[in-house]
Amino acid sequence: MVQTGPTAVVAGAGIAGLASALGLAQAGWQVTVLERAAELGEVGAGVALSRNGVASLRGLGLDDEAISSIGVSTRAGGTFDLRGGPIMPIEASAAHAEAVTMRGVYRPRLHDALLDRVRAHDVHVKTGAAVTDVVAGSPDGEQAVVTAGGTDHRADLVIAADGVNSAVRTALAPQQRPVYSGYSSWRAVVPVAIDPAVLTQYWGPHAEFGTMPVGPELTYWYGYVAMPQGSRLLDEHTAARERFAGWAEPVRDIIDATPPAAVLRHDVVHLPGGMRRYHLGRVLAVGDAAHAMLPTMGQGAATALEDGVCVARLVAEPVASGGELAGALAEFDAVRRPRCRTIARAALASALIGSHLGPFWQGARNALMRRTPSSVISRGAHAVMDWTPPPPRP
Ligand SMILES: Cc1cc2nc3c(=O)[nH]c(=O)nc-3n(C[C@H](O)[C@H](O)[C@H](O)COP(=O)(O)OP(=O)(O)OC[C@H]3O[C@@H](n4cnc5c(N)ncnc54)[C@H](O)[C@@H]3O)c2cc1C
């Protein structure tokens, strides 16, 4: 008789879902990923992957070559006002330079790298399979049941990785709903180089603009601005150009260099405080489904990857070697929830003094921050980015 490992269904093939699926499959679980989209792939934009995100990828088995192939080494270059005047520049020679190193990643490459590895581990990835309902089961009793496209899938574990508007969370905890941040974000990746090749952010009233290299001749930019939810614009490229007219030259130049079809815009929603508990029955929530945060700390993808390696180390490995599921899920919750809540709070605080600040306070904020050594700010970043995965379990 063929011996099979425990079974898992992962809802959502984004970064959190694929990282979790990989962690489970590497520990010997039989994994099915159900993805709502008809085709697999990530929205073509960039992501600043800080050291904790890179450490998570290493924990999932990606070596230096694989990590180099998904993006370029870069660093935070600091914050400037909308005219390009320094608010908190970070010099390359800064003593805390190591704290601000990161990889500028082109999202589709990260997604492909995870997908290739997931497939190499015989994970079944089913597209066009929108999860519509879940019965959570009991960790020491009934299996969980996931319904997608009229088919029921039974599993020992369900990973809810279906993003900020999670159908799984809606089924199991309908009162925990995401809210609109009040901000919408243009994003694009443009085939040009920037100099210096670092992550640079500009703050203006109720707006932030950022540029970052994601390849040798590839630059990611975002323009995060206050806007009513669900706004419809006739021409996104022209609207972005008009919104940032009068900003620093590098901002205007990169928008001008962008092919109009490359400009994306998404309303930014988040889940304030995150889920009150990340597990129920045999279901475990990860990534934006569990803790969607504002993008102002650039930690959403990194924490999704952290979740993936923690699914491996804290749940998949111990349960595959005979441990109890209930205890493993409780440990995941105890390790992950306080950390993600702290980072989400920091992202909110960063938004309040940064991109969400109105016109009246710009001058006072800028003057105060110019007097604050950048090492003070990066000390906080250290605490977030020094994270390393828990050690492998027997
Ligand atoms: C403007 C902006 C800038 C950002 N910048 C950064 C950054 O620089 N650094 C960083 O670390 N993070 C950043 N983030 C955050 C990051 O993009 C997210 O936190 C991350 O993508 C979350 O991954 P996820 O897999 O949890 O969710 P998602 O990427 O949303 O993936 C969810 C997946 O589930 C699928 N799905 C949805 N519903 C269902 C269903 N019912 N059934 C089946 N499948 C379903 C979706 O199609 C999708 O494939 C940014 C976010 C925004 C909005």
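Residues numbered from 1 in each chain as written. Predicted model: local features only at pLDDT ≥ 70, side-chain atom pairs only at ≥ 80, totals over all residues. Heavy atoms only, no water.

Peer 1: Which parts of the structure should I look at to understand the overall build of the chain?
Peer 2: Looking only at helices and strands, one finds twelve helices and 18 strands in the chain. The C-alpha radius of gyration computed for the chain amounts to 21 Å, which stays within 12% of the reference 21 Å derived for 394 residues, consistent with globular compactness. Within the span of the chain, comprising 394 residues, buried residues form 55% of the whole. Put simply, 76% of the contacts in the chain that link residues at least 6 apart link residues at least 24 apart. Accessible surface for the chain amounts to roughly 16,800 Å². Of this, 54% is attributable to carbon and sulfur atoms. If you average the places of the 34 positive and of the 36 negative side-chain charges in the chain, the two averages end up 6 Å apart. (Helix = DSSP H or I, 4+ residues; strand = E, 2+ residues; numbered from the N terminus. Rg over C-alpha atoms; globule rule 2.2 N^0.38 Å. Buried < 20%, exposed > 50% of the residue type's maximum accessible area, 1.4 Å probe, protein only. Contact = heavy atoms within 4.5 Å. Areas by Shrake-Rupley, 256 points an atom, 1.4 Å probe, with all protein chains shown as cover. Lys, Arg positive; Asp, Glu negative; His and termini not counted. Charge placed at Lys NZ, Arg CZ, Asp CG, Glu CD.)

Peer 1: Whenever I open this one, the nonpolar core confuses me. Can you help?
Peer 2: A general tendency of soluble globular proteins is for nonpolar side chains to be buried together. With 76 residues, the main nonpolar core has Leu24, Leu157 and Val315 as its most contacted residues. With eleven residues, helix H9 (residues 300-320) is the single largest residue contributor to this core. Beyond its immediate stretch of four places on either side in the chain, valine 315 contacts Trp29, Leu157, Leu284, Cys310, Leu325, Ala328, Leu329 and Phe332. Core analysis: the next-biggest nonpolar cluster, separate from the first, contains 21 residues, Trp221, Val225, Ala239 and Ile255 among them. (Core = buried A, V, L, I, M, F, W, Y, C linked by side-chain atoms within 4.5 Å.)

Peer 1: What's the story with the packing of helix H1 (residues 15-26) against H9 in this structure? I'm lost.
Peer 2: Packed helices, taken two at a time, are described by their axes: the angle between them and the distance between them. Where H1 meets H9, the axes come as close as 8 Å, and the angle between the chain directions of the two elements is 25°. For the element pair H1 / H9, the angle class is roughly parallel. For the element pair H1 and H9, the recorded crossing hand is right-handed. The residues of H9 that touch H1, namely those facing Ile15, Ala16, Ala19, Ser20, Gly23 and Leu24, are Ala301, Ala304, Leu305, Gly308, Val311, Ala312 and Ala316. A breakdown of the residues in the contact of H1 with H9 according to their chemical character gives ten nonpolar, three polar and no charged. (Axes fitted to C-alpha atoms, helices over the stretch in contact; angles between N-to-C directions. Parallel < 35°, antiparallel > 145°, perpendicular 65-115°, else oblique. Left-handed = near helix turned anticlockwise from the far one by under 90°. Nonpolar A, V, L, I, M, F, W, Y, C, P; charged D, E, K, R; others polar.)

Peer 1: Even after reading the chapter, I still don't get the site of the ligand, so can you show me in this structure?
Peer 2: Neighbouring the ligand are 28 residues; Glu35, Arg107, Val131, Asp288 and Ala301 lie closest to it. One of the backbone nitrogen or oxygen atoms of isoleucine 15 is found 3.1 Å away from an oxygen atom of the ligand. Between an oxygen atom of the ligand and a main-chain N or O atom of alanine 16, the distance comes to 2.9 Å. In the complex, the protein chains occlude 85% of the 1,000 Å² of accessible area that the ligand would expose alone. Of all the secondary-structure elements, those providing two or more residues to the shell around the ligand are H1, strand E3 (46-50), strand E12 (179-190), helix H8 (287-291) and H9. Considering every element that reaches the shell around the ligand, the biggest residue donor is H9, with three residues. Split into classes, the residues belonging to the shell around the ligand amount to 14 nonpolar, eight polar and six charged. (Near = heavy atom within 4 Å. Polar contact = N/O pair within 3.5 Å; in protein donor to acceptor, adjacent residues only side chain to side chain.)

Peer 1: Help me understand the pairing of strand E9 (residues 144-148), please; the structure alone is not making it clear to me.
Peer 2: The two faces of the sheet receive side chains in turn, since in a regular strand these alternate between them. Taken across its five residues, E9 has five buried, putting it largely inside the fold. Here E9 shows two buried faces, one formed by Ala144, Val146 and Ala148 and the other by Val145 and Thr147. Here strand E8 (residues 131-135) pairs with E9 via four bridges, running antiparallel. Bridge pairing links valine 135 to valine 145 in E9. Bridging between E9 and strand E10 (residues 151-155) involves five bridges; their strand directions are antiparallel. Note on E10: the bridge partner recorded for valine 146 is histidine 153. Once E9 ends, the chain turns through two residues before running back antiparallel as E10, passing glycine 149 with a positive phi of about 55°. (Pairing = 2+ DSSP bridges.)

Peer 1: What is the right way to read the sheet that holds E8 from this model?
Peer 2: In any sheet, the strands associate via hydrogen bonds between backbone groups, in a parallel or an antiparallel arrangement. Taken together, the three strands give an open sheet; going across it, the order is E8-E9-E10, and neighbouring strands pair in antiparallel fashion. Strands at the two margins of the open sheet, each flanked by one partner only, are E8 and E10. Across the sheet, the mean angle from the axis of one strand to that of its neighbour is 20°, orientation sign disregarded.

Peer 1: How should helix H7 (residues 249-256) be read in this particular structure?
Peer 2: Each α-helix winds once per 3.6 residues, and so residues spaced three or four apart point in a common direction. Those residues of H7 that fall on the buried side of the exposure criterion are Val251, Ile254 and Ile255. Along the axis of H7, the buried residues cluster in a sector spanning 100°; they form a single face. Against the buried residues of H7 lie E12, strand E13 (199-204), strand E14 (207-215), strand E15 (218-226) and helix H6 (236-243). (Arc of directions from axis to C-beta.)

Peer 1: Sorry, what's going on with the pattern of salt bridges here?
Peer 2: Pairing between side chains of opposite charge can happen when their charged atoms approach one another. Evaluation of the coordinates by the stated rule reveals eleven salt bridges. Across the salt bridge formed by arginine 336 and glutamate 306, the nearest N and O atoms sit 2.8 Å from each other. Residue arginine 336 is located in helix H10 (residues 325-353), and its partner glutamate 306 is located in helix H9; the two are separated by 30 residues in the primary sequence. Each member of the pair, arginine 336 together with glutamate 306, is buried. Connected through shared salt-bridge partners, Glu306, Asp307, Arg336 and Arg339 make up one network. (Salt bridge = Lys/Arg side-chain N within 4 Å of Asp/Glu carboxyl O.)

Peer 1: Would you take a moment to explain the sheet that holds strand E18 (residues 283-285) for this structure?
Peer 2: A sheet is described by the order of its strands in space; here six strands give the open sequence E7-E2-E1-E11-E18-E17, paired in mixed fashion. Of all the strands in the sheet, just strand E7 (124-126) and strand E17 (279-280) have a single pairing partner and so form its edges. Here strand E1 (residues 7-11) runs beside strand E11 (residues 157-160); their pairing, made up of four bridges, is parallel. From the neighbouring strand, valine 10 faces E11, where its bridge partner is isoleucine 159.

Peer 1: How do you make sense of unusual backbone geometry when you look at a structure like this?
Peer 2: Residues apart from glycine generally show negative phi values, whereas peptide bonds are mostly found in trans. The omega angle of the peptide bond from aspartate 195 to proline 196 is 0°, so this bond is cis rather than trans. Structurally, proline 196 can be placed in the loop between E12 and E13. In this structure, aspartate 122 takes a positive phi of about 65° despite not being glycine. Mapped onto the elements, aspartate 122 comes out in the loop between helix H4 (107-120) and E7.

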